[in-house]
Amino acid sequence: EMAEEQLQEHILELVFDGLDFYAQVFVNGTLLAECENAFVPATVNVRHALRLGMNQLAVRLTAGTERATNPTTGESTAANIYGNRQAFKGVSELRKPQFSYGWDWVDALPNIGIWRGVRLVGYSHQRIRDVRTETVLSDGACLLHVDVDVANLHPWAEQTGRLTVSLTAPTGQLVQAVDDLSVPVGITRKHVSFAVDDPHLWWPNGMGEQPLYDLNIQVENATGHLDTWQRQIGLRTVGIDRSPLPEGRRFVIQVNGEDVFCRGGNWIPADAIIARVDAAKIEALIENAREANLTMLRIWGGGVYEADAFYEACDRKGILVWQDFMFACHTYPDDRDDFCHNVRLEAEMAIRRLRHHACIALWCGNNENLQGFASWWNKGRSFPAPDMQLGGHRVYSEILPEACLALDPSRPYWPGSPAGGDDPLSEIDGDCHWWGPGTMNADISRRYRDEVYDECRSRFVS
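Just so it is clear, the model here is predicted, and its values are computed rather than measured. (Residues numbered from 1 in each chain as written. Predicted model: local features only at pLDDT ≥ 70, side-chain atom pairs only at ≥ 80, totals over all residues. Heavy atoms only, no water.)

### What about the overall build of the chain?
And step 1. Broken down by element type, the chain carries 7 helices and 23 strands.
And step 2. In summary, the chain has a C-alpha radius of gyration of 24 Å against a globular reference of 23 Å for 462 residues, a match within 12%.
And step 3. Projected onto the principal axes, the alpha-carbon positions of the chain cover approximately 75 × 60 × 45 Å.
And step 4. Within the chain, contacts between residues separated by at least 24 positions form 67% of all contacts whose residues are at least 6 apart in sequence.
And step 5. As presented, the chain carries roughly 21100 Å² of accessible surface, and 49% of it is formed by carbon and sulfur atoms.
And step 6. Averaging the positions of the 42 positive and the 63 negative side-chain charges in the chain gives two centres separated by 3 Å. (Helix = DSSP H or I, 4+ residues; strand = E, 2+ residues; numbered from the N terminus. Rg over C-alpha atoms; globule rule 2.2 N^0.38 Å. Contact = heavy atoms within 4.5 Å. Areas by Shrake-Rupley, 256 points an atom, 1.4 Å probe, with all protein chains shown as cover. Lys, Arg positive; Asp, Glu negative; His and termini not counted. Charge placed at Lys NZ, Arg CZ, Asp CG, Glu CD.)

Structure below.
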């Protein structure tokens, strides 16, 4: 039901935080949007379709199998690896969670539905379109750089206002920057830098504390408050040391310039029905990780970009996150422009949503697909042999690193897990998936044995 005051907003948007998979959105009987990406929010402009009083919203969803061009014969490596577990071979064409069609740890249970929240939001005059932060540490000094993108919503008139950026330390100390705005039609970027005295740095679990600063950004004009962006951030730097060794290279995550010994494991969705994973379950699981003295979890590329509650818990508890993009154990149709466009938007939206979290240590292009290029799909042939199967190469080597460099340049991008050196499974360069000798050893008596793991030379087992 819409009130007169709501209809005075310049923009009204319906935001669906998760639609799985193919969705058609109708308002008052009019089709306003079609959405084909379960991983990222779908924003639908509904201002022109709403009316005073009662309105009808309808969302029609399908699992999406009918959207695949060839669901019966489309190539699926997972089907070859896991027998009949991969119930739908066209999954690599669809931007939806791959595990829902089966994996070696879960039976096929395709999800269909509105699996995250839905909200109606309104804006007038100006809105905060994007915020990026970067911590710089040098000779004991700490600088926080903040870029704020402010959009003028008027179709032809320049807008004026005021931007306030406030940073509150865990101690309660407040620093603030206030700037007058003159925003032409379109989007204007404002840059603010804070010199943070006596900085309280964020550290991984076991290396120090996890203090979080409150960053609050507001835009106002003469009529009052217009928009707010508020998050908790940690002051820290992150990188990967790949300096040469007598044999190969290092692969060491560094936080605030210090080496981190990353104890941890992989995170898969906490339920086969992802909509019923609530914040309490996430909190309990991340607390278990903290109590087990873990320092890192890798969000596996066959699942989902996790809910905000996951990253917030990791921020509070000092659990670093190796963040895969959602590609795993398949080739992908990156010869199709529509697919690449969808992936580019997905990457940009995921980066913008998550990049303020202190816990995220790096972005990673995929799970095991570079290994697939080198062995599974091409049988060890040397590049560039004719007819090589390299579907997805453009995603990991072009689309994703471009998005990361443009939107989050201070955080590392790694092309795949595993990757590095001449062989993705190299034990002397890059990271490694050490399945063969360990958990999948042909000699069952040697699986999970300490003396076998002591044979591992890998620089980083991801």
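### What to know about the sheet that holds strand β6 (residues 57-62)
And step 1. The 3 strands lie next to each other as β4-β3-β6, forming an open sheet whose pairing is antiparallel. Of all strands in the sheet, those with a lone pairing partner are β4 (30-35) and β6, marking the two edges. If you compare each strand with its neighbour and ignore which way they point, the axes differ by 20 degrees on average.
And step 2. Inspection of the sheet shows strand β3 (residues 22-27) paired to β6 by 6 bridges, in the antiparallel sense. Along β6, the bridge assignment pairs Val27 with Leu57. (Pairing = 2+ DSSP bridges. Axes fitted to C-alpha atoms, helices over the stretch in contact; angles between N-to-C directions.)

### A closer look at the environment of Asp335
And step 1. Tracing the backbone shows Asp335 in the loop between β21 (320-324) and α4 (337-354).
And step 2. For the pair Asp335 and Ile428, spaced 93 residues apart in the sequence, the C-alpha separation amounts to 33 Å.

### What about the pattern of salt bridges?
Pairing is possible between side chains that carry opposite charge, provided their charged atoms lie close to one another.
And step 1. Scanning the model with the defined rule gives 30 salt bridges in all.
And step 2. Here Asp17 makes a salt bridge to Arg119, at a shortest N to O gap of 2.7 Å. In this pair, Asp17 is assigned in the loop between β1 (11-16) and β2 (19-20) and Arg119 in strand β8 (residues 118-123), connecting sequence segments 102 residues apart.
And step 3. Where Arg344 meets Glu402, a salt bridge forms, and the shortest distance between an N and an O atom there is 3.2 Å. With a gap of 58 residues between them, Arg344 in helix α4 and Glu402 in helix α6 (residues 393-407) connect regions that are remote in the sequence.
And step 4. In the salt-bridge network here, residues are joined through shared partners; they are Glu283, Glu287, Arg290, Arg316 and Lys317. (Salt bridge = Lys/Arg side-chain N within 4 Å of Asp/Glu carboxyl O.)

### So, the sheet that holds strand β10 (residues 141-152)
And step 1. Read from one edge to the other, the open sheet built from 3 strands follows the order β9-β10-β13, with strand pairing classed as antiparallel. Since the sheet does not close on itself, it has two edges, and those belong to β9 (126-138) and β13 (186-195), each with one partner. Across the sheet, the axes of successive neighbouring strands diverge by a mean angle of 15 degrees, strand direction being ignored.
And step 2. Pairing geometry for β10 and β13, over 10 bridges, is antiparallel.

### Observations concerning the nonpolar core
And step 1. Counting 74 residues, the largest nonpolar core has Phe310 and Phe325 as its most contacted members.
And step 2. Excluding anything up to four places from it in sequence, Phe325 contacts Gly301, Tyr305, Ala347, Ile351, Trp363, Cys364, Gly365, Asn366, Leu400, Cys404 and Tyr413. (Core = buried A, V, L, I, M, F, W, Y, C linked by side-chain atoms within 4.5 Å. Buried < 20%, exposed > 50% of the residue type's maximum accessible area, 1.4 Å probe, protein only.)

### Thoughts on the side chain of Ser166
And step 1. Along the chain, Ser166 turns up in strand β11 (residues 159-168).
And step 2. At a separation of 2.7 Å, a polar atom in the side chain of Ser166 contacts the side chain of Gln176.
And step 3. Ignoring any residue separated from it by four or fewer positions in sequence, one finds Ser166 in contact with Leu174, Val175, Gln176, Asp214, Leu215 and Asn216. (Polar contact = N/O pair within 3.5 Å; in protein donor to acceptor, adjacent residues only side chain to side chain.)

### What to know about the pairing of strand β14 (residues 213-221)
And step 1. Most of β14 is tucked away, with 7 of its 9 residues classed as buried.
And step 2. Strand direction decides the pairing type here: β11 and β14, joined by 7 bridges, are antiparallel. Paired with Thr168 across the bridge in β14 is Asp214.
And step 3. Where β14 folds back on strand β15 (residues 224-233), the antiparallel hairpin that results is connected by 2 residues.

### Let's talk about the packing of aromatic side chains
And step 1. Under the criterion given, the structure shown has 19 aromatic pairs.
And step 2. Both rings, one in Phe327 and one in Tyr332, keep their centres 5.0 Å apart while their planes meet at 85 degrees; by these two values the pair is edge-to-face.
And step 3. Given a relative accessible area of 3%, Tyr332 falls into the buried group.
And step 4. One aromatic cluster is present, built from ring pairs that chain together Phe327, Tyr332, Phe339, Phe373, Trp376, Trp377 and Tyr396.
And step 5. Above the ring of Tyr123, the side-chain terminus of Arg127 is found at 3.8 Å from the ring centroid. (Phe/Tyr/Trp six-rings, centres within 6.5 Å; stacked < 30°, edge-to-face > 60°. Lys NZ or Arg CZ within 6 Å of the ring centre and 35° of its normal.)

Geometry only, nothing functional implied.
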